[in-house]
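What follows is the residue order along each chain.
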Amino acid sequence: MKSLLATLLAFLFLIPPETAAAAGWGLDQALAPERLSLTLQILLLLTALSLAPALIIMVTSFTRLVVVFSFLRHALGTQQLPPNQILIALALFLTVFIMAPVWQEIQEKAVTPYINQQIGGEEAVARGLEPLRGFMFKQTREKDLALFISLLKQPKPQNFQEVPIAAVVPAFMISELRTAFEIGFLLFLPFLIIDMVVASVLLSMGMMMLPPVMISLVFKVLLFVLVDGWNLVVGSMVRSFQ
């Protein structure tokens, strides 16, 4: 272990920058497939897997889906049904379904040419980001995008290609949250009406000791089943991204 540490220190401090530049070391050369050893590939894979949950939340449809499903559960008043695990799993599978065309485009434009050593690492990253940027731009409000561009204090971009990814991702996320809250409000309305009607009927009948939530829950679940609620909600959510 000590010998390995000594070797690493010698490598980091004894090689002058001119030698490294003369050897043509750079990001593109370091990411070239022939230079990636098996150990480095495993390290990059583990790093990517550790960042995968954050990437799924930031740049895909997962945020809108899971927030809407949470609103739906609260509107129904079923407490912990369906459980969090089921809602998250459903949101994940729907995210894979919605993002499939984007992943396929990334595979064709970036991953496959990189594996076949047709392009370098930097170009592969740039090509892979383009489909994601296009997806996020379609779902992002201009107002949110303008907010983060102004916060970056950079020159105003002339087109979408010049917008930095550091502004696109947070703008996309708050746009998704706004859209999810709008959908959640619409989901709450019919169930709120049922709660108000049941509470008024019980109050008029003098049944003040009977909890209205217990009675309205039956009617809300019945209504949701009769209108095939899951089909309507999931279908509307998927179509909202198309």
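The structure under discussion appears in the preceding block.
The notes below deal with the structure included here.

With that settled, consider the overall build of the chain. A count of helices and strands for the chain gives 11 helices and 0 strands. When the helices and strands of the chain are listed from N to C terminus, the series reads α-α-α-α-α-α-α-α-α-α-α. Burial statistics for the chain: of 242 residues in total, 30% are counted as buried. Across the chain, contacts joining residues at least 24 apart in sequence account for 70% of those joining residues at least 6 apart. Counting only carbon and sulfur atoms, one obtains 72% of the accessible surface of the chain, whose full area is about 16000 Å².

If you walk through the whole model with that rule in mind, you get 7 aromatic pairs. Consider the rings of Phe-71 and Phe-181, whose centres lie 5.0 Å apart with planes at 80°: the pair is edge-to-face. Of this pair, Phe-71 sits in helix α5 (residues 62-76) while Phe-181 sits in helix α9 (residues 165-204), placing them 110 residues apart in sequence. With a centroid separation of 5.5 Å and 85° between ring planes, the pair formed by Phe-224 and Trp-230 is classed as edge-to-face. Residue classification places Phe-224 among the buried positions, given a relative accessible area of 9%.

Moving on, we come to the side chain of Glu-176. As for its placement among the helices and strands, Glu-176 is situated in helix α9. A polar side-chain atom of Glu-176 sits 2.6 Å from a polar atom in the side chain of Arg-64.

The rules we used
Residues numbered from 1 in each chain as written. Predicted model: local features only at pLDDT ≥ 70, side-chain atom pairs only at ≥ 80, totals over all residues. Heavy atoms only, no water. Helix = DSSP H or I, 4+ residues; strand = E, 2+ residues; numbered from the N terminus. Buried < 20%, exposed > 50% of the residue type's maximum accessible area, 1.4 Å probe, protein only. Contact = heavy atoms within 4.5 Å. Areas by Shrake-Rupley, 256 points an atom, 1.4 Å probe, with all protein chains shown as cover. Phe/Tyr/Trp six-rings, centres within 6.5 Å; stacked < 30°, edge-to-face > 60°. Polar contact = N/O pair within 3.5 Å; in protein donor to acceptor, adjacent residues only side chain to side chain.

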